[in-house]
Amino acid sequence: MNSFNAKSSLAVGGKSYQIFRLDSIGADRLKRLPFSLKILLENLLRFEDGVTVTKKDIEALASWDAKAVPSEEIAYRPARVLMQDFTGVPAVVDLAAMREAMKAMGGDPKRINPLQPAELVIDHSVQVDSFASPEALRFNTELEYSRNKERYQFLKWGQKAFDNFKVVPPETGIVHQVNIEFLARVVFAQENGGVLQAYPDTLVGTDSHTTMVNGLGVLGWGVGGIEAEAAMLGQPVSMLIPQVIGFKLTGRLPEGATATDLVLTVTEMLRKKGVVGKFVEFYGTGLSGLPLADRATLGNMSPEFGSTCAIFPVDEATLEYLRLTGRSDEQIALVEAYAKEQGMFRTDDSPEADYTDTLELDMGTVQPSLAGPKRPQDRITLAGAKASFEKSLNELLAMRGPADSAPAGSNLGEMEAATTATELVTNGVKTKYKDSEFELTHGAVVIAAITSCTNTSNPAVMMGAGLVAKKAVEKGLQVKPWVKTSLAPGSRVVTEYLKASGLDHYLDLIGFNTVGYGCTTCIGNSGPLPDEISTAIKQGDLAVCSVLSGNRNFEGRVHPEVRFNYLASPPLVVAYALAGSLGKNITTEPLGEDMDGNPVYLKDLWPTQSEIQEVVQKTITSEMFQKTYASVFQGEEKWRSLSATESELYDWDGSSTYIRRPPFFVDMGAEPDAVKDIAGARALALLGDSVTTDHISPAGSIKADSPAGQWLQEQGVRKHDFNSYGSRRGNHEVMMRGTFANVRLRNQLAPGTEGGWTQHLPDGNQMSIYDASMQYQQEGTPLIILAGKEYGSGSSRDWAAKGTRLLGVQAVIAESYERIHRSNLIGMGVIPLEFPAGETAKSLGLSGRETFSITGLEGGEAKTATVTATPDGGGAPITFQAKVRIDTPQEVQYLKNGGILQYVLRQMLKS
């Protein structure tokens, strides 16, 4: 359909492209729309069919009221789907299982096939086992292939079995950097229905940091694996027309500040503002001096802002980056012509759009910063980092009590409770590691990681780190012996330009050897600490630290033995590795001594912006990008030599501990069962505020005494072959046992514990959450979760929802939700409910030891439901009205079908 006569043509470079003109809705209305909504508007114009997209939908978006509370639903179809292997493997596992289910119900299994281009980058499986060695990359790569052979063979099967599906092999780079450097088109040119069309590049990704591509003017955001699968299968993304927050940037970064400092400042501002579920759009004259790499750094942190996306418009900087990264002249000409024709090209003279609200930052006021010790929005100035650490340490020690905080062999247990952190960090555990003897103390930096994702796509901060290393080596400084150092570039291009500049040599000399290409420390793949360091931490119950150039520092995420985690720029990661402690103010105290015994300060090592730019301009060329990505899908010999079967249906191996047929479609009928009220339910967990998907979803290493570790040992897997939870996401037996098992989870039903513990009710026996779930399921008892604010914040982990469902949880009652997890719960058939405004489990008098009923669900269509909690042992029932957070009609359909994939499968069977 073409209700607005939008269909037109655009001639570029001797080719004619069909486009859908945005000004068909009226030039005046177009000018006031934010850039991001122009992209959504084009999507609606192009897909208008009178059913999923109607004239009314287009009119609603064209008439967008910036101040209105979102209420209009639209169906958005992204141009492509992007996955990483941790979330991609279970997605492909589900597709394989859906083929079998389709065949079992009498349909054609070949219909289960990506209908949109789907690209998967294997980047989350490398771990930092070897470090500070020229052999680290080779050693870690060998281990990666050894540990993940089954998964990689399965992905090769998928690449052959499914059309429209490509895999970028391991040790190429991180998904987000490969996306901006190679995969992103900015403007698509594709033949659809026999017509060559040009339209904006849009995507959804199975990693929440998909938003990094927003820096390139590409609209995309993270979704759960189940949503991504539906998008691959042609289902539109159902969404409410969002509010858009305008973020005005002016000025330039001052000397000494980096893009990382800028992004931590912006994160703090936007978190304080409150932008969950909203689009963020950057504008202002400051954009003209903001390089694309800095924009990508800002876009990457959108999940930390809480926003759906954080986008920059297309402008000259976009075109410059496309040239630098080796895109074709034809593609660059199309991007420029299309953006200008559609009123989507920014200049300093562009009129300001209407926004729901605005913020403004003069970048000249940005100060060197870190964020921590537990949340990315908790920015602290570099000068205040020591004091902030001391405050956090004192709070921790106050919780423990003075005796509990005493390292063995010291007299700290006899000190007063008021002992300050400054005094404490002067005491520690005597340790010997390799050829060094030292005292390991509270505040010791035991991990310093220049990790991929946020910063390694940014040449300025990478060169800055290299220059700090060079000056440190020249002055005779070395990294402290207790620091585990690592460099995990986001793409092999980074290695190319570090080599060309000669700075790789100096990074190697101080222990920042390349350990792999992919997501390492930030995702929990930091690998084990040296045994001597680990023993000292346990012996002294030490609160040690990590400093990483990533975007996530949630408690328990980086390493289970590391209590405090700080986000910082790559140059500051190097500086803290030299200093060795957060108990040192590196702006005033020396990092070490030079060869003559003179103190060396941070200012002696820190490069100027002109130094950095000189190296960048001399070193980086477009040929580096062209060479790196010339044969990117073929991979290296290790990938090419992997065997993989060729078959329509996957041949499941019942003994596999990596890939198992999931139970979601077993005995599935052609028609769904009705959504029923819930009676006689028990609370599996009572949780507080800011419980993240890292607390819920299995991540990081698998402990031998955990339910998952015990199951693996029962299957004959040795402890050193456990690998990580992420690598085993294709096996529901492991993943459901690891759900709610994070070492830092605090379940109020099991007071005094950390980790996946609960009480089985009504007998009160304490056991693992998994064991309790299995006992409840044997007893026929439905389960719920009670939680506080921002439930499910963090990464788009589909297993946070899948595991919840497999544990028998039918509903979650929380004070509020993060966007992705709420959607994923519905996608797995779990009902998200909210406490009444202003009420909490505590204010309502809930202990979690009640029996719960949830009535009035009306088959999934209710807006509110009645919750009745009956205390054990008598007492008056507690009754309240909970808001049903099923926000769109499409989500109602997903819930009625028991999940989004079941809905898609039934729709495809009928069509």
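Note: the structure precedes this text.
Everything quoted here is computed from the prediction, not taken from an experiment. (Residues numbered from 1 in each chain as written. Predicted model: local features only at pLDDT ≥ 70, side-chain atom pairs only at ≥ 80, totals over all residues. Heavy atoms only, no water.)

A. Structural view of the overall build of the protein chain. Counting secondary structure elements, the protein chain contains 31 helices and 34 strands. By the compact-globule yardstick of 29 Å for 911 residues, the protein chain fits well, its C-alpha radius of gyration being 27 Å. Overall, the C-alpha framework of the protein chain stretches about 80 × 75 × 55 Å when taken along its three principal axes. Split into buried and exposed, the 911 residues of the protein chain put 63% on the buried side. Here the contacts in the protein chain between residues at least 6 apart in sequence split such that 76% fall between residues at least 24 apart. (Helix = DSSP H or I, 4+ residues; strand = E, 2+ residues; numbered from the N terminus. Rg over C-alpha atoms; globule rule 2.2 N^0.38 Å. Buried < 20%, exposed > 50% of the residue type's maximum accessible area, 1.4 Å probe, protein only. Contact = heavy atoms within 4.5 Å.)

B. Broad picture of the sheet that holds strand β12 (residues 244-250). Strands sit in the order β14-β13-β12-β15 across an open sheet of four strands; the sheet is parallel. Strand pairing shows two members of the sheet lacking a second neighbour, β14 (309-311) and β15 (357-362), which therefore form its edges. Here the strands of the sheet are splayed against their neighbours by 20° on average, with no regard to which way each runs. Bridge count for β12 against β15 is six bridges, and the pairing is parallel. Directly across from Lys 248, in β15, lies its bridge partner Glu 360. Sheet strands in contact with helix α2 (residues 35-47) are β12, β13 (279-283) and β14, and its direction is about 120° off that of β13. Most of the contacts of helix α8 (residues 259-273) go to β15, to which it runs at about 150°, and overall it touches β12, β13 and β15. (Pairing = 2+ DSSP bridges. Axes fitted to C-alpha atoms, helices over the stretch in contact; angles between N-to-C directions.)

C. Layout of helix α6 (residues 175-183). With eight of nine residues buried, α6 is to be regarded as a mostly interior element. For α6, the set of buried residues is Val 175, His 176, Gln 177, Val 178, Asn 179, Ile 180, Glu 181 and Leu 183.

D. How the structure looks around the pairing of strand β22 (residues 545-548). Where burial is concerned, the two faces of β22 agree: the one with Cys 545 and Val 547 and the one with Ser 546 and Leu 548 are both buried. Two strands pair when backbone bridges link them, and strand β20 (residues 445-450) and β22 are joined in this way by four bridges, in the parallel orientation. Residue pairing across strands places Ile 447 opposite Ser 546, the latter belonging to β22.

E. Structural detail: the state of the cysteines. All chains considered together, the criterion is met by zero disulfides. Cys 453 supplies the cysteine sulfur nearest to Cys 309, a cysteine that is in no disulfide, at a spacing of 17 Å. You can see Cys 519 has no disulfide; the closest cysteine sulfur is in Cys 522, sitting 5.7 Å from it. (Disulfide = S-S within 2.5 Å.)

F. Structural context of helix α13 (residues 385-400). For α13, built from 16 residues, the straight-helix expectation of 22 Å at 1.5 Å per residue is met to within 8% by its first-to-last C-alpha distance of 23 Å. Those residues of α13 that fall on the buried side of the exposure criterion are Ala 385, Ser 388, Phe 389, Glu 390, Ser 392, Leu 393, Leu 396, Leu 397 and Arg 400. (Expected span 1.5 Å × (residues − 1).)

G. Representation of the pattern of salt bridges in the model. For the structure on display, the rule yields 54 salt bridges. In this structure, Lys 470 engages Glu 474 in a salt bridge whose closest nitrogen and oxygen atoms are separated by 2.6 Å. Separated by four residues within a single helix, Lys 470 and Glu 474 lie in helix α15 (residues 459-474), roughly one turn from each other. Given a relative accessible area of 25%, Lys 470 falls into the partly exposed group. The partly exposed category is assigned to Glu 474, whose relative accessible area is 42%. (Salt bridge = Lys/Arg side-chain N within 4 Å of Asp/Glu carboxyl O.)

H. Representation of the packing of α8 against helix α9 (residues 292-300) within the structure. Contact geometry of α8 with α9 gives a least axis separation of 9 Å together with a crossing angle of 35°. Two packed elements cross with a definite hand, and for α8 against α9 that hand is right-handed. Residues Ala 259, Leu 262, Val 263 and Val 266 of α8 form the contact with α9, whose own contacting residues are Asp 294, Thr 297 and Leu 298. Of the residues in the contact of α8 with α9, the class split is five nonpolar, one polar and one charged. (Left-handed = near helix turned anticlockwise from the far one by under 90°. Nonpolar A, V, L, I, M, F, W, Y, C, P; charged D, E, K, R; others polar.)

I. Examining the nonpolar core more closely. Residues Leu 249, Phe 282, Leu 440, Val 446, Phe 512 and Tyr 791 are the most contacted members of the largest nonpolar core, which totals 301 residues. When residues in this core are grouped by element, the largest group, 11 residues, is from helix α4 (residues 85-104). For Phe 512, the contacting residues outside a window of four places in its chain are Ala 448, Ile 450, Val 479, Thr 485, Ser 486, Leu 487, Leu 507, Val 573, Val 574 and Ala 577. (Core = buried A, V, L, I, M, F, W, Y, C linked by side-chain atoms within 4.5 Å.)

J. Just the sheet that holds strand β33 (residues 864-871), in detail. Ordered in space as β26-β29-β30-β31-β34-β33-β32, the seven strands form a closed barrel in which the pairing is mixed. Between one strand and the next, the sheet's axes are offset by a mean angle of 35°, whatever the strand orientation. The pairing of strand β26 (residues 678-686) with strand β29 (residues 783-786) spans four bridges and is parallel. Counterpart to Ala 683 in the pairing with β29 is Ile 784. Sheet strands in contact with helix α27 (residues 769-779) are β26 and β29, and its direction is about 170° off that of β26.

K. Seen up close, the packing of aromatic side chains. All chains considered together, the criterion is met by 21 aromatic pairs. Relative to Phe 279, the ring of Trp 221 has its centre 5.6 Å away and its plane inclined at 50°; by these criteria the two rings are tilted. With Trp 221 in strand β10 (residues 219-222) and Phe 279 in strand β13, this residue pair connects regions lying 58 residues apart in the sequence. On the accessibility criterion, Trp 221 (3% relative accessible area) is buried. (Phe/Tyr/Trp six-rings, centres within 6.5 Å; stacked < 30°, edge-to-face > 60°.)

L. Quick peek at unusual backbone geometry. The omega torsion across Gly 372 and Pro 373 is 10°, close enough to zero to call that bond cis. Positionally, Pro 373 belongs in the loop between β16 (369-371) and β17 (379-381). Here Leu 761 and Pro 762 are connected by a cis peptide whose omega angle stands at 10°. Topologically, Pro 762 is positioned in the loop between β27 (757-760) and β28 (765-768). A positive phi angle, near 45°, is found at Asp 541, a position not held by glycine. Inspection of the secondary structure puts Asp 541 in the loop between α18 (531-540) and β22. You can call Asp 541 partly exposed: its relative accessible area is 32%. Even without a glycine there, the phi angle at Phe 740 is positive, about 60°. If you trace the backbone, Phe 740 turns up in the loop between α26 (732-738) and β27. We classify Phe 740 as buried; its relative accessible area is 1%.

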